[in-house]
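Read off the chains here:
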Amino acid sequence: MALTITAECINCDVCEPVCPNQAISMGPDFYQIDPARCTECVGHFEQPQCVELCPVQCIPVHPLHIEDRASLEQKYRRLTSSACSV
């Protein structure tokens with residue numbers, strides 16, 4: 001499952017630097033998460049770091065990007081193998 005950041009985001013800048021997949025960036029009004037890069041920190045941490053650190057708890061699972069753990073692990077492997085080949 002990819003995560004998403006809701007309009008309740010206060011742009012505190014806590015989530016972006018802790019994302020190991022560089023899936024978080026500033027959008028037009030608040031931060032956003034690229035579902036193609038979000039693995040919910042699978043392969044890096046036990047829990048999604050952005051969710052753990054968000055002071056307003058505005059990072060739920062994205063309802064249009066539901067993925068099981070095996071899919072997230074596969075995405076993690078794809079992202080890390082492409083990073084190594086650059």
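As the structure is a prediction and not an experimental result, all values here were calculated from the model.

## Quick notes on the overall build of the chain
Phase 1: Within the chain, the regular secondary structure consists of three helices and two strands.
Phase 2: For the chain, the succession of helices and strands along the chain, N to C, is α-β-β-α-α.
Phase 3: Since a compact globule built from 86 residues should have a radius of gyration of about 12 Å, the 12 Å found for the chain is in line with a globular shape.
Phase 4: Based on the C-alpha atoms only, the size of the chain along its principal axes is roughly 35 × 25 × 25 Å.
Phase 5: By residue count, 33% of the 86 residues in the chain fall in the buried class.
Phase 6: Taking all contacts inside the chain whose residues are at least 6 apart in sequence as the whole, residues at least 24 apart take part in 66%.
Phase 7: Looking at the chain as shown, the accessible area adds up to about 5300 Å², and 53% of this sits on carbon and sulfur atoms.

## Quick notes on empty space enclosed by the protein
Empty space among the atoms becomes visible once a probe the size of a water molecule is rolled across them.
Phase 1: Under the defined criterion, the tally for this structure stands at two cavities of 30 Å³ or more.
Phase 2: In this structure, the largest cavity spans a volume of roughly 100 Å³.
Phase 3: Together, 15 residues line the largest cavity, and C19, I24, C38, C41 and C50 are the ones closest to its centre.
Phase 4: For the lining of the largest cavity, the class distribution of residues is twelve nonpolar, two polar and one charged.
Phase 5: Space inside the second largest cavity adds up to approximately 80 Å³.
Phase 6: Together, 15 residues line the second largest cavity, and C9, C12, C15, C54 and C58 are the ones closest to its centre.
Phase 7: In the lining of the second largest cavity, the residues fall into 13 nonpolar, one polar and one charged.

## Focus on the confidence of the model for the chain
Phase 1: Per-residue confidence for the chain gives a mean pLDDT of 93, with 94% of residues at or over 70.
Phase 2: Per-element mean pLDDT across the chain ranges from 88 in helix α3 (residues 69–84) up to 98 in strand β1 (residues 24–26).

## Notes on the side chain of K75
Phase 1: Inspection of the secondary structure assignment puts K75 in helix α3.
Phase 2: On the basis of relative accessible area, K75 is assigned to the buried category, the value being 7%.
Phase 3: Within the structure, the side chain of K75 is placed 2.6 Å from the backbone oxygen of P35, a separation counted as a polar contact.
Phase 4: Each residue touching K75, except ones within four places of it in the same chain, is listed here: P35, A36, R37, C38, T39 and E67.

## Details of the environment of C58
Phase 1: Tracing the backbone shows C58 in the loop between α2 (49–53) and α3.
Phase 2: Sequence separation between C58 and P17 is 41 residues, and the spatial gap between their C-alpha atoms is 17 Å.
Phase 3: Not counting the four nearest positions on each side in its chain, C58 is found in contact with T4, I5, T6, E8 and C9.

## Focus: the state of the cysteines
Phase 1: For the structure on display, the rule yields zero disulfides.
Phase 2: Free of any disulfide, C50 has its nearest neighbouring cysteine sulfur in C41, separated by 6.1 Å.
Phase 3: C58 forms no disulfide, and the closest cysteine sulfur to it belongs to C54, at a distance of 3.7 Å.

Conventions we followed
Residues numbered from 1 in each chain as written. Predicted model: local features only at pLDDT ≥ 70, side-chain atom pairs only at ≥ 80, totals over all residues. Heavy atoms only, no water. Helix = DSSP H or I, 4+ residues; strand = E, 2+ residues; numbered from the N terminus. Rg over C-alpha atoms; globule rule 2.2 N^0.38 Å. Buried < 20%, exposed > 50% of the residue type's maximum accessible area, 1.4 Å probe, protein only. Contact = heavy atoms within 4.5 Å. Areas by Shrake-Rupley, 256 points an atom, 1.4 Å probe, with all protein chains shown as cover. 1 Å grid on protein atoms, 1.4 Å probe; cavity = no way out; pocket = protein on both sides within 12 Å on 5 of 7 lines; lining within 4 Å. Points joined across faces, edges and corners; volume = space filled by probe spheres on them. Nonpolar A, V, L, I, M, F, W, Y, C, P; charged D, E, K, R; others polar. pLDDT = per-residue confidence, 0-100. Polar contact = N/O pair within 3.5 Å; in protein donor to acceptor, adjacent residues only side chain to side chain. Disulfide = S-S within 2.5 Å.

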